[in-house]
Amino acid sequence: MGDATALVLGGGGLTGVGWESGILYGLARAGVDLTTADLVVGTSAGSVVGAQLTAGLTARELYERQLGDASGERPARLGAGVFARHALAMVRSRDAAAYRRRVGAFALAAETGAEAARREVLAARLVSHEWPERRLVVTAVDALSGAAADFDRESGAGLVDAVAASCAVPGVWPPVTVGGRRFIDGGVRSATNADLAAGYARVVILAPIALGTALVPSPASQAARLRAAGARVLLITPSPAARKAFGRNVLDPARRDPAARAGLAQAAGHAADAAAVWAA
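Keep in mind that what you see is a predicted model, and the values were worked out from it rather than measured. (Residues numbered from 1 in each chain as written. Predicted model: local features only at pLDDT ≥ 70, side-chain atom pairs only at ≥ 80, totals over all residues. Heavy atoms only, no water.)

**Q** Can you break down the overall build of the protein residue by residue, with the values?
**A** Along the backbone of the protein there are 11 helices and eight strands. At 17 Å, the protein has a C-alpha radius of gyration in line with the 19 Å of a compact globule built from 280 residues. Along the three orthogonal principal directions, the C-alpha set of the protein runs to about 45 × 45 × 35 Å. Among the 280 residues that make up the protein, the fraction classed as buried is 55%. Restricting the contact set of the protein to residue pairs at least 6 apart, pairs at least 24 apart contribute 79%. Per element, the accessible surface of the protein, about 11,800 Å² overall, is 52% carbon and sulfur. (Helix = DSSP H or I, 4+ residues; strand = E, 2+ residues; numbered from the N terminus. Rg over C-alpha atoms; globule rule 2.2 N^0.38 Å. Buried < 20%, exposed > 50% of the residue type's maximum accessible area, 1.4 Å probe, protein only. Contact = heavy atoms within 4.5 Å. Areas by Shrake-Rupley, 256 points an atom, 1.4 Å probe, with all protein chains shown as cover.)

**Q** Go over the pairing of strand 4 (residues 148-151) with me, naming the residues and quoting the values.
**A** Side chains on a regular strand alternate between the two faces of the sheet. With burial as the criterion, only one face of strand 4 is covered, namely that bearing Ala149 and Phe151; the residues Ala148 and Asp150 on the opposite face remain uncovered. Bridge count for strand 3 (residues 135-142) against strand 4 is four bridges, and the pairing is antiparallel. In the sheet register, valine 138 faces strand 4, and the bridge partner there is phenylalanine 151. Taking the residues between adjacent antiparallel strands as the criterion, strand 3 and strand 4 are bridged by five residues, where glycine 146 takes a positive phi near 80 degrees. (Pairing = 2+ DSSP bridges.)

**Q** I'd love a proper account of the UniProt feature "active site" (unreviewed entry) in the protein, names of residues and values included.
**A** Per the UniProt record, the feature "active site" (unreviewed entry) sits at Ser44 and Asp185. Despite a sequence span of 142 residues, these residues sit close together in the fold, their greatest C-alpha distance being 6.0 Å. Within the element layout of this structure, serine 44 appears in the loop between strand 2 (39-43) and helix 2 (45-54). Within the secondary structure, aspartate 185 is located in strand 6 (residues 181-185). Residue aspartate 185 is classed as buried on the basis of its relative accessible area of 7%. Not counting the four nearest positions on each side in its chain, aspartate 185 is found in contact with Thr43, Ser44, Ala140, Val141, Ala165, Ser166, Cys167, Ala168, Val169 and Pro170. Within polar-contact distance, the side chain of aspartate 185 engages the side chain of serine 44 at 2.8 Å. (UniProt positions renumbered as here; feature names shortened; annotations may be inferred. Polar contact = N/O pair within 3.5 Å; in protein donor to acceptor, adjacent residues only side chain to side chain.)

**Q** Which residues make up a positive patch on the surface, and what values do they have?
**A** The grouping of Arg85, Arg92, Arg94, Arg101 and Arg102 at the surface amounts to a positive patch. Elements with a minimum of two residues in the positive patch: helix 4 (80-92) and helix 5 (96-109). As for its position among the elements, arginine 102 is in helix 5. (Patch = residues over 30% accessible without salt bridge, like charges linked within 9 Å, V, L, I, M, F, W, Y side chains within 5 Å. Salt bridge = Lys/Arg side-chain N within 4 Å of Asp/Glu carboxyl O. Lys, Arg positive; Asp, Glu negative; His and termini not counted. Charge placed at Lys NZ, Arg CZ, Asp CG, Glu CD.)

**Q** Outline helix 6 (residues 115-125), listing residues and values.
**A** Buried within helix 6 are the following residues: Arg118, Leu122 and Ala123. For helix 6, the angular spread of the buried residues around the axis is 140 degrees, confining them to a single face. Seen from the buried face of helix 6, the exposed residues on the opposite side, beyond 90 degrees, are Ala116, Glu120 and Ala124. Looking at the buried positions of helix 6, the neighbouring elements they touch are helix 2 and helix 7 (159-166). (Arc of directions from axis to C-beta.)

**Q** Pulling in residues and values, what's your account of the packing of aromatic side chains?
**A** Considering all chains together, one arrives at two aromatic pairs under this definition. In this arrangement the basic side chain of arginine 29 is found over the ring face of tyrosine 25, its NZ or CZ atom lying 5.2 Å from the centre. Between arginine 118 and the ring centre of tryptophan 173, over which it is positioned, the NZ or CZ distance is 3.8 Å. (Phe/Tyr/Trp six-rings, centres within 6.5 Å; stacked < 30°, edge-to-face > 60°. Lys NZ or Arg CZ within 6 Å of the ring centre and 35° of its normal.)

**Q** Which residues make up the side chain of aspartate 152, and what are the values?
**A** In this structure, aspartate 152 sits in the loop between strand 4 and helix 7. A distance of 2.8 Å separates a polar atom in the side chain of aspartate 152 from a polar atom in the side chain of arginine 135.

**Q** How would you sum up the environment of arginine 85? Please name residues and give values.
**A** Relative to the elements of secondary structure, arginine 85 occurs in helix 4. Along the backbone, arginine 85 and alanine 207 are 122 residues apart, and their C-alpha atoms lie at a distance of 23 Å.

Structure follows, in structure tokens:
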């Protein structure tokens, strides 16, 4: 296992991007720079954050990009119908793979706008469109088969396509075509996909969404498995103040700034535990 480090960045919408950025900057100010991780795993919102920091943005720059007026950005919403379709897929599925296939079928059938237009939005958010030298894994799910897809520089997928796929929230944004197949949000498999950090000695997991189900493992359960295998693990989830800052719609660009500030404020309370995990 050695001393290798892994940073796991979970999904959670635009507020998740903001909160994770605030946590990272706050920890860096306290002397714990998680952006040095040997492995970065990004799911949905976390894929955007992971792509940014592995492209060379400092924690401060990443944080400052979340601040300010977002009135020019298009808001989206996870409506009651989307939640209902997820719940129906859950109760009708015998196992996780069947659940993911049902969600994939729903995503493929939904009217969610043009794939190319959504890709342009994600491309504009990234400071680099090339895979970094450092190991970055971006998670998604094959919409047809329900199989997990772990994109990296060796996968043949472009970075923008991989991030767009990881952020393709079923029923909100269109599935993304990579290599002739369609992919949806990696959060359909897991809010963090922290199991991909197996084999790393020191792991910090930032999970804007802390919940799980019988078919979608929770961040806490994945953290427990990593600890059982011998890793030092810290799981950070939003504080009550951060959850309040997120508001009712995690896809509202106007909530990204308050979420980032809440993450920055929360970080101080985790600095000692983060240092204990991250120190060689």
